[in-house]
Amino acid sequence: MLRKQEILELEKFAKEIRIETLKELGSIGSGHIGGSMSIVELLAVLYGKVMKVDPKNPNWEDRDWLILSKGHAGPSLYAALALKGFFPKEWLSTLNKGGTRLPSHCNRMLTPGVDMSTGALGQGISVGIGIAMGLKLDNKNNFVYVIIGDGESQEGQVWEAVLFGGNAKLDNLIVFVDYNKQQLDGYVDNINPLGNLGEKWKAFGWDVQEINGHNIDEIYSAIQKAKGVKDKSHVIIMHTIKGKGCTFAEGVELNHHMTFTKEQIDNAIYVLEQSPFNSEVDNDK
Ligand SMILES: Cc1ncc(C[n+]2csc(CCOP(=O)(O)OP(=O)(O)O)c2C)c(N)n1
């Protein structure tokens, strides 16, 4: 469990990531807002507390690895990396423009801190398994984190990797499912429901947890708990909200890729800046 002050610090980091993501997307007037917003708290916990990384040496051999398999959520990862010091914050306003080092989808050849080029959904767990196995062969104790989407979970390659990953018992691998219940063109349940996702992963031999993916303390505690379970690969299913925290995206069915005006972005940032932190609200009860 985190101390109150630590939770507040990470909530502040999450708010900064959200605001920088909005500015970044605002600079181009369109983009993948929904799926960027739903993983913000996870990124804050990973980069603010959990991951062993060196922003000055992104390819440091002893780092932990992050694969954003749902590569279209690059904008929020870029915001986290910039705030962490991997590259200048000014880069954020070049998102997806000519000559940028921050393309719409993650590209490890362009962006310091990006560990896998993604965008073709379904591939991240397979690569994460390979890296985790390699680390074990080298007797290294680094962790590999993979973030996948719920729509992405409809890909066949995901389940091939889940079968292999369960058998490989990689206790240095933690997969997060961003279960925001929405995919590109609507609600997962209306398109191709995932059923009892936790039970499915369990049946493939994984250590499974289900949490509120917007609760900093739950995310941190789940990661710590996973690290305490040996000889099993881990998955943390995060129940999240697509578009979380963005006035014009949260609660909207088609919020996967949107166009927006400067006024919408400015207003969303204003509302975020005024909003209290979760831990402060809880304290008032
Ligand atoms: C193999 C593949 N098929 C289709 C797409 C197009 N596509 C991009 S994002 C997306 C929806 C993904 O939904 P989900 O995984 O739930 O992402 P989130 O809602 O978290 O943004 C689709 C179909 C793709 N990038 N790759």
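That block above? That's the structure.
Bear in mind the structure is a predicted one, so any value in this text is a computation, not a measurement.

Conventions we followed
Residues numbered from 1 in each chain as written. Predicted model: local features only at pLDDT ≥ 70, side-chain atom pairs only at ≥ 80, totals over all residues. Heavy atoms only, no water. Helix = DSSP H or I, 4+ residues; strand = E, 2+ residues; numbered from the N terminus. Rg over C-alpha atoms; globule rule 2.2 N^0.38 Å. Buried < 20%, exposed > 50% of the residue type's maximum accessible area, 1.4 Å probe, protein only. Contact = heavy atoms within 4.5 Å. Areas by Shrake-Rupley, 256 points an atom, 1.4 Å probe, with all protein chains shown as cover. Lys, Arg positive; Asp, Glu negative; His and termini not counted. Charge placed at Lys NZ, Arg CZ, Asp CG, Glu CD. Axes fitted to C-alpha atoms, helices over the stretch in contact; angles between N-to-C directions. Parallel < 35°, antiparallel > 145°, perpendicular 65-115°, else oblique. Nonpolar A, V, L, I, M, F, W, Y, C, P; charged D, E, K, R; others polar. Phe/Tyr/Trp six-rings, centres within 6.5 Å; stacked < 30°, edge-to-face > 60°. Near = heavy atom within 4 Å. Polar contact = N/O pair within 3.5 Å; in protein donor to acceptor, adjacent residues only side chain to side chain. Pairing = 2+ DSSP bridges. Right-handed = clockwise from strand over helix to strand, strands pointing away.

What about the overall build of the chain?
The helix and strand inventory of the chain stands at eleven helices and nine strands. For 285 residues, the compact-globule estimate of 2.2 N^0.38 gives 19 Å, and the chain sits close to it at 18 Å. Along the three orthogonal principal directions, the C-alpha set of the chain runs to about 50 × 40 × 40 Å. In the chain, which comprises 285 residues, the proportion classed as buried is 55%. Relative to all contacts within the chain whose residues are 6 or more apart in sequence, the contacts with residues 24 or more apart total 76%. Surface accessibility of the chain: about 12,300 Å² in total, with carbon and sulfur atoms responsible for 50%. Averaging the locations of the 30 positively and 36 negatively charged side chains of the chain gives two centres separated by 4 Å.

Side note on the packing of helix α5 (residues 124-137) against helix α6 (residues 156-168)
At their nearest, the axes of α5 and α6 sit 8 Å apart, and the two run at 25° to each other. Relative to α6, α5 is oriented roughly parallel. From α5, Ile125, Ser126, Ile129 and Met133 reach across to α6, where they touch Gln157, Val158, Ala161, Val162, Phe164 and Gly165. A breakdown of the residues in the contact of α5 with α6 according to their chemical character gives seven nonpolar, three polar and no charged.

Here we look at the packing of aromatic side chains
Throughout the structure, instances matching the rule amount to eight aromatic pairs. Ring centres of Phe248 and Phe260 lie 5.4 Å apart, and the angle between their planes is 45°; on these two criteria the pair is classed as tilted. One end of the pair, Phe248, is in the loop between β8 (234-239) and β9 (258-259); the other, Phe260, is in the loop between β9 and α10 (262-274), and twelve residues separate them in sequence. Both residues of the pair, Phe248 and Phe260, belong to the buried class.

Some thoughts on the site of the ligand
Around the ligand sit 18 residues in total, of which Lys70, His72, Gly119, Asp150 and Lys242 are the nearest. Take Leu121: an N or O atom from its main chain is 3.0 Å from a nitrogen atom of the ligand. At 2.8 Å, a backbone N or O of Gly151 approaches an oxygen atom of the ligand. Of the residues assigned to the shell around the ligand, the class counts are three nonpolar, nine polar and six charged.

Observations regarding the environment of Asp64
Note on placement: Asp64 falls in the loop between α3 (40-50) and β2 (65-68). Judged by its relative accessible area of 6%, Asp64 falls in the buried class. Residues within four places of Asp64 in sequence aside, it is in contact with Val50, Met51, Lys52, Val53, Asp115, Asn142, Phe143 and Tyr145. Within the local environment of Asp64, its side chain forms a polar contact with the backbone nitrogen of Phe143, the two atoms lying 2.8 Å apart.

What to know about the sheet that holds strand β3 (residues 144-149)
The strand order across the open sheet built from five strands is β2-β3-β4-β8-β7, with neighbouring strands paired in parallel fashion. What marks the edges here is a single partner per strand, and that holds for β2 and β7 (207-212). Strand-to-strand twist of the sheet, defined as the mean angle between neighbouring strand axes without regard to direction, takes the value 20°. Pairing between strand β4 (residues 173-179) and β8: six bridges, direction parallel. Each bridged residue has a counterpart across the sheet, and for Val177 the counterpart in β8 is Ile237.

Examining the pairing of β4
In summary, the side chains of a regular strand alternate between the two faces of the sheet. Burial within β4 is extensive, with seven of its seven residues counted as buried. By the alternation rule, side chains of β4 split into Leu173, Val175, Val177 and Tyr179 and Ile174, Phe176 and Asp178, which are all buried. Of the strand pairs in this sheet, β3 and β4 are connected by six bridges, and their pairing is parallel. Residue pairing across strands places Ile148 opposite Val177, the latter belonging to β4. Crossover β3 to β4 through α6 is right-handed.

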